[in-house]
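The chain contents come next:
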Amino acid sequence: QVQLVESGGGLVQAGESLRLSCAASGIIFAPNTMAWYRQAPGRQRELVAIITRGGYTNYADSVKGRFTISRDNAKNTVYLQMNSLKPEDTAVYYCNAVGPTTYWGQGTQVTVSS
């Protein structure tokens, strides 16, 4: 069965970095689009970054210049390098993969202290 498994979340101080990973198991061909979303308490889930199979990327304005999304198509894995983290980046981060069907990870907590 298809599963998206996130890793790399945790508690860090402002200005530090984290790298999130999301491995899609049970998928033979790389999804057309993979993405990271996040949801902070009391707020709606928002798109953080997306990347297509061909390498096209786009970012939310709030993370542009600080976050970098990448993917390994052979491993069906997407990464999110998060630098210069701010307290407002605190949220549950969700991995997303879109192909014939849309899949979601269970989320990983990222907490940035001031």
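Our structure is the block above this text.
The residue numbers shown here count from 1 along each chain, following its written sequence. Reporting in this predicted model follows two pLDDT cut-offs: at least 70 for local features of residues, and 80 or more for side-chain atom pairs to be given and counted; totals over whole chains, interfaces and linings ignore these cut-offs and use all residues. Side-chain numbers here rest on the full set of heavy atoms in the structure, without hydrogens or water.

Draft legend 1. Quick look at the pattern of salt bridges. Every case where a carboxyl oxygen of Asp or Glu lies within 4 Å of a side-chain nitrogen of Lys or Arg is listed as a salt bridge. Inspection of every chain in the model, using the stated rule, returns four salt bridges. Residues E46 and R38 are paired through a salt bridge, measuring 2.8 Å at the closest nitrogen-oxygen approach. Remark: exposure states derive from per-residue accessible area (1.4 Å probe, protein chains only) relative to the maximum for the residue type, with buried under 20%, exposed over 50%, and partly exposed in between. What makes R38 buried here is its relative accessible area of 6%. Two residues, D89 and R66, come together in a salt bridge whose shortest N-O distance is 2.8 Å. Of this pair, D89 sits in the loop between β8 (77-82) and β9 (91-98) while R66 sits in the loop between β6 (57-59) and β7 (67-72); the two residues are 23 residues apart in sequence, bridging distant segments of the chain. We count a stretch as a helix when DSSP gives it H or I for four or more residues in a row; a strand needs E for two or more, and each element gets its number in order from the N terminus.

Draft legend 2. Inspection of the nonpolar core at higher detail. Grouping buried Ala, Val, Leu, Ile, Met, Phe, Trp, Tyr and Cys residues that are joined through side-chain atoms within 4.5 Å yields what is termed a nonpolar core. Grouped together as the largest cluster of nonpolar side chains are 28 residues, with contacts concentrated most on W36, L80, M82 and Y93. What makes two residues a contact is simply this: any of their non-hydrogen atoms within 4.5 Å. M82 has contacts with E16, S17, L18, L20, R66, F67, Y93 and V110, leaving out every residue within four places of it along the chain.

Draft legend 3. Layout of the packing of aromatic side chains. Two aromatic rings, drawn from Phe, Tyr or Trp (for Trp, its six-membered ring), form a pair once their centres lie within 6.5 Å of each other, and the interplanar angle then sorts them: stacked below 30 degrees, edge-to-face above 60, tilted otherwise. Scanning all chains against the criterion turns up one aromatic pair. Criterion for a charge above a ring: Lys NZ or Arg CZ within 6 Å of the ring centre, and within 35 degrees of the ring normal. Taking the ring centre of Y94 as reference, the NZ or CZ of R45 above it sits at 3.7 Å.

Draft legend 4. Representation of unusual backbone geometry in the model. The backbone of N76 sits at a positive phi, close to 50°, despite the residue not being glycine. Looking at the element boundaries, N76 is found in the loop between β7 and β8. Judged by its relative accessible area of 4%, N76 is buried. Of note, S84 is a non-glycine position whose phi angle comes to about 50°, a positive value.

Draft legend 5. Examining the environment of S62 more closely. Within the fold, S62 resides in the loop between β6 and β7. Through-space distance from the C-alpha of S62 to that of V48 is 8.3 Å; in sequence the pair is 14 residues apart.

Draft legend 6. Just the sheet that holds β8, in detail. Only strands joined by at least two bridges in the DSSP assignment are considered to pair. If you trace the four strands from one edge of the open sheet to the other, you get β1-β3-β8-β7, paired in antiparallel fashion. Each edge of the open sheet carries a strand with a single partner, namely β1 (3-7) and β7. With strand direction ignored, the average angle separating the axes of adjacent strands in the sheet is 15°. Across six bridges, the pairing between strand β3 (residues 18-25) and β8 is antiparallel. Within β8, the residue paired with C22 across the bridge is V78. Throughout, an axis means a line fitted to C-alpha atoms (over the contacting stretch in the case of helices), and angles, computed between N-to-C directions, take values from 0 to 180 degrees.

Draft legend 7. Structural context of the pairing of β7. Residue alternation in β7 divides its side chains into a buried set, F67, I69 and R71, and an unburied set, T68, S70 and D72. Here β7 runs beside β8; their pairing, made up of six bridges, is antiparallel. Within the sheet, the bridge partner assigned to S70 lies in β8 and is Y79. From the end of β7 to the start of β8, which pair antiparallel, there are four residues, and N76 there has a positive phi angle of about 50°.

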